[in-house]
Amino acid sequence: LEISRSEIAALRASEADAREEAGEARAWARRATAEVSVAVEALRSAEAEAEAEAARAVSHFVADADAARRALARAEAEADAEATTLRADVAAAAAAAAVAANGRAAAESAATSLSLSLETARAEAERREAALREAGEAAVAEAAPEAATVLLRQGDGV
């Protein structure tokens, strides 16, 4: 094979161009690798920051949820205590109303009884008064002839 000097020179120039291009490609690859490394590091940093922020947010959310549960439990306990107090107050009021109703009924019964007793006492007094009047009238009627005799004797001087 015969290669002319001009072909060899052309081949050598092509080789040099290829080497130069390969060097430029290697330099570009190094720059690209460095840029990718910086981007990967920035991504990792951003990811770590996002994870930390998410962990803080979850922690705050859990703390807020726990506080809300405690507040709800307190409110439920207070409502239960208030309901118990109200039920006790209602029961006491019902008992007082029953006592008052019983007292009223007892007072009405006592008033009726006293009224009946008073009427009975009046009737008895009227009956006794009538009996005494009749006894007095009978005594006067019985004693009248004797008294007339005594008066007549006194008048006669006996």
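Residues numbered from 1 in each chain as written. Predicted model: local features only at pLDDT ≥ 70, side-chain atom pairs only at ≥ 80, totals over all residues. Heavy atoms only, no water.

As a further point, take the overall build of the protein chain. Of the regular secondary structure elements, the protein chain holds one helix and zero strands. Compactness check: the protein chain gives a C-alpha radius of gyration of 65 Å against a globular reference of 15 Å for 158 residues, more than 25% above the reference. In terms of its C-alpha atoms, the protein chain occupies a principal-axis envelope of roughly 215 × 25 × 15 Å. Taken over 158 residues, the protein chain has a buried fraction of 1%. As displayed, the protein chain has an accessible area near 13,300 Å², and 61% of this comes from carbon and sulfur atoms. For the protein chain, the distance from the average site of its 18 positive side-chain charges to the average site of its 30 negative ones is 7 Å. (Helix = DSSP H or I, 4+ residues; strand = E, 2+ residues; numbered from the N terminus. Rg over C-alpha atoms; globule rule 2.2 N^0.38 Å. Buried < 20%, exposed > 50% of the residue type's maximum accessible area, 1.4 Å probe, protein only. Areas by Shrake-Rupley, 256 points an atom, 1.4 Å probe, with all protein chains shown as cover. Lys, Arg positive; Asp, Glu negative; His and termini not counted. Charge placed at Lys NZ, Arg CZ, Asp CG, Glu CD.)

Here we come to the environment of glutamate 142. Along the chain, glutamate 142 falls in helix 1 (residues 5–156). Take glutamate 142: its relative accessible area is 65%, and that puts it in the exposed class. For the pair glutamate 142 and alanine 83, spaced 59 residues apart in sequence, the C-alpha to C-alpha distance is 85 Å.

With that settled, the discussion passes to the environment of glutamate 15. Note on placement: glutamate 15 falls in helix 1. Judged by its relative accessible area of 37%, glutamate 15 is partly exposed. Once the C-alpha coordinates of glutamate 15 and glutamate 53 are considered, the two residues, 38 residues apart in sequence, prove to be 55 Å apart.

Let us now look at the pattern of salt bridges. With the rule as written, the count across this model stands at eight salt bridges. Residues arginine 127 and glutamate 124 are paired through a salt bridge, measuring 2.2 Å at the closest nitrogen-oxygen approach. Placement of both arginine 127 and glutamate 124 in helix 1 is noted, with a separation of three residues, approximately one turn of the helix. Given a relative accessible area of 26%, glutamate 124 falls into the partly exposed group. Two residues, glutamate 124 and arginine 128, come together in a salt bridge whose shortest N-O distance is 3.1 Å. One end of the pair, glutamate 124, and the other, arginine 128, are both in helix 1, four residues apart, so they sit about a helical turn from each other. Relative accessible area serves as the criterion here: at 52%, arginine 128 is assigned to the exposed category. (Salt bridge = Lys/Arg side-chain N within 4 Å of Asp/Glu carboxyl O.)

A few words now on the environment of arginine 56. Looking at the element boundaries, arginine 56 is found in helix 1. Of the polar contacts made by the side chain of arginine 56, one reaches the side chain of glutamate 49; its length is 3.4 Å. Within polar-contact distance, the side chain of arginine 56 engages the side chain of glutamate 53 at 2.6 Å. (Polar contact = N/O pair within 3.5 Å; in protein donor to acceptor, adjacent residues only side chain to side chain.)

Everything listed here is a matter of geometry and, on its own, says nothing about what the molecule does.
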